[in-house]
Amino acid sequence: MPPEPTSPTVHRRQLGRELRQLRQAAGKEIEDAAQTLGCHRSRVSRIENGRGGAVAKPQDVKTCSRSTAWTTP
């Protein structure tokens, strides 16, 4: 069995992928998440894609998980 990926980049991409899946499952758009976080939609896109140096801060994840931006109605 190959070793578990442990690099920060891999973790950042995994988190972004999971956040995007949650948002999409809730039927929400990037704009909804951006409004919740008080940021531009490009930052949400970079977080979800694990690119561009945009890192989801713990507070960002908490904020979105408690809001309707990334949860089901």
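Each chain carries its own residue numbering, running from 1 in the direction its sequence is written. In keeping with the model being predicted, local features are shown solely for residues with a pLDDT of at least 70 and side-chain atom pairs are shown and tallied solely at 80 or more, while totals for entire chains, interfaces and linings include all residues. Heavy atoms throughout the structure, all of them, feed into the side-chain values; hydrogens and water do not.

## So, the overall build of the chain
Here is step 1: To qualify as a helix, a DSSP run of H or I must reach at least 4 residues; to qualify as a strand, a run of E must reach at least 2; elements of each kind are numbered from the N terminus. When helices and strands are tallied, the chain shows 4 helices and 0 strands.
Here is step 2: Seen in sequence order, the chain has helices and strands lined up from the N terminus as α-α-α-α.
Here is step 3: Three exposure classes are used, based on accessible area relative to the maximum for each residue type with a 1.4 Å probe and protein chains only: buried under 20%, partly exposed in between, and exposed over 50%. With 73 residues in all, the chain has 27% of them scored as buried.
Here is step 4: Whether two residues are in contact is decided by their heavy atoms, any of which lying within 4.5 Å being enough. Counting only contacts in the chain whose residues sit at least 6 apart along the sequence, the fraction spanning at least 24 positions is 56%.
Here is step 5: Surface exposure here means Shrake-Rupley accessible area, sampled with a 1.4 Å probe, where a residue is shielded only by the protein chains that are shown. When the accessible surface of the chain is split by element, carbon and sulfur atoms take 52% of a total near 5,000 Å².

## Considerations on the packing of helix H2 (residues 30–37) against helix H3 (residues 41–49)
Here is step 1: Here an angle of 0 to 180 degrees is reported between the N-to-C directions of two axes, which are lines fitted to C-alpha atoms, with helices fitted over the stretch in contact. The geometry of H2 relative to H3 is characterised by a closest axis approach of 8 Å and an angle of 105 degrees between their N-to-C directions. The orientation of H2 relative to H3 falls into the category roughly perpendicular. Contact residues: Ile 30, Glu 31, Ala 33, Ala 34 and Leu 37 in H2; Arg 41, Arg 43, Val 44, Ser 45 and Glu 48 in H3.
Here is step 2: Each residue is assigned to one class: nonpolar for Ala, Val, Leu, Ile, Met, Phe, Trp, Tyr, Cys and Pro, charged for Asp, Glu, Lys and Arg, and polar for all the others, Gly among them. In terms of residue class, the contact of H2 with H3 is made up of 5 nonpolar, 1 polar and 4 charged. For classification purposes, an angle smaller than 35 degrees is called roughly parallel, one larger than 145 roughly antiparallel, one from 65 to 115 roughly perpendicular, and anything else oblique.

## Here's the deal with the pattern of salt bridges
Here is step 1: Each salt bridge in this description consists of a side-chain nitrogen of Lys or Arg and a carboxyl oxygen of Asp or Glu lying within 4 Å of one another. Per the counting criterion, the structure on display carries 3 salt bridges.
Here is step 2: With its nearest N and O atoms 2.8 Å apart, the salt bridge here joins Arg 41 to Glu 31. Within this pair, whereas Arg 41 is found in helix H3, its partner Glu 31 is found in helix H2, the two being separated by 10 residues in sequence.
Here is step 3: A relative accessible area of 38% places Arg 41 in the partly exposed class.
Here is step 4: Asp 60 serves as the salt-bridge partner of Arg 43, at 2.8 Å between the closest nitrogen and oxygen. Of this pair, Arg 43 sits in helix H3 while Asp 60 sits in helix H4 (residues 58–66), placing them 17 residues apart in sequence.

## Topic: the environment of Arg 51
Here is step 1: One can find Arg 51 in the loop between H3 and H4.
Here is step 2: Taking the C-alpha atoms as reference points, Arg 51 and Arg 12, separated by 39 residues in sequence, lie 8.5 Å from one another.

## A few points about H2
Here is step 1: Considered for burial, the residues of H2 that qualify are Ile 30, Ala 33, Ala 34 and Leu 37. Buried residues in H2, looked at end-on, bunch into an arc of 100 degrees, giving them a common side.
Here is step 2: The secondary structure elements touched by the buried residues of H2 are helix H1 (8–25), H3 and H4.
Here is step 3: Gly 38 lies just past H2 and shows a positive phi near 70 degrees. As used here, the arc is the angular range of directions from the helix axis to the C-beta atoms.

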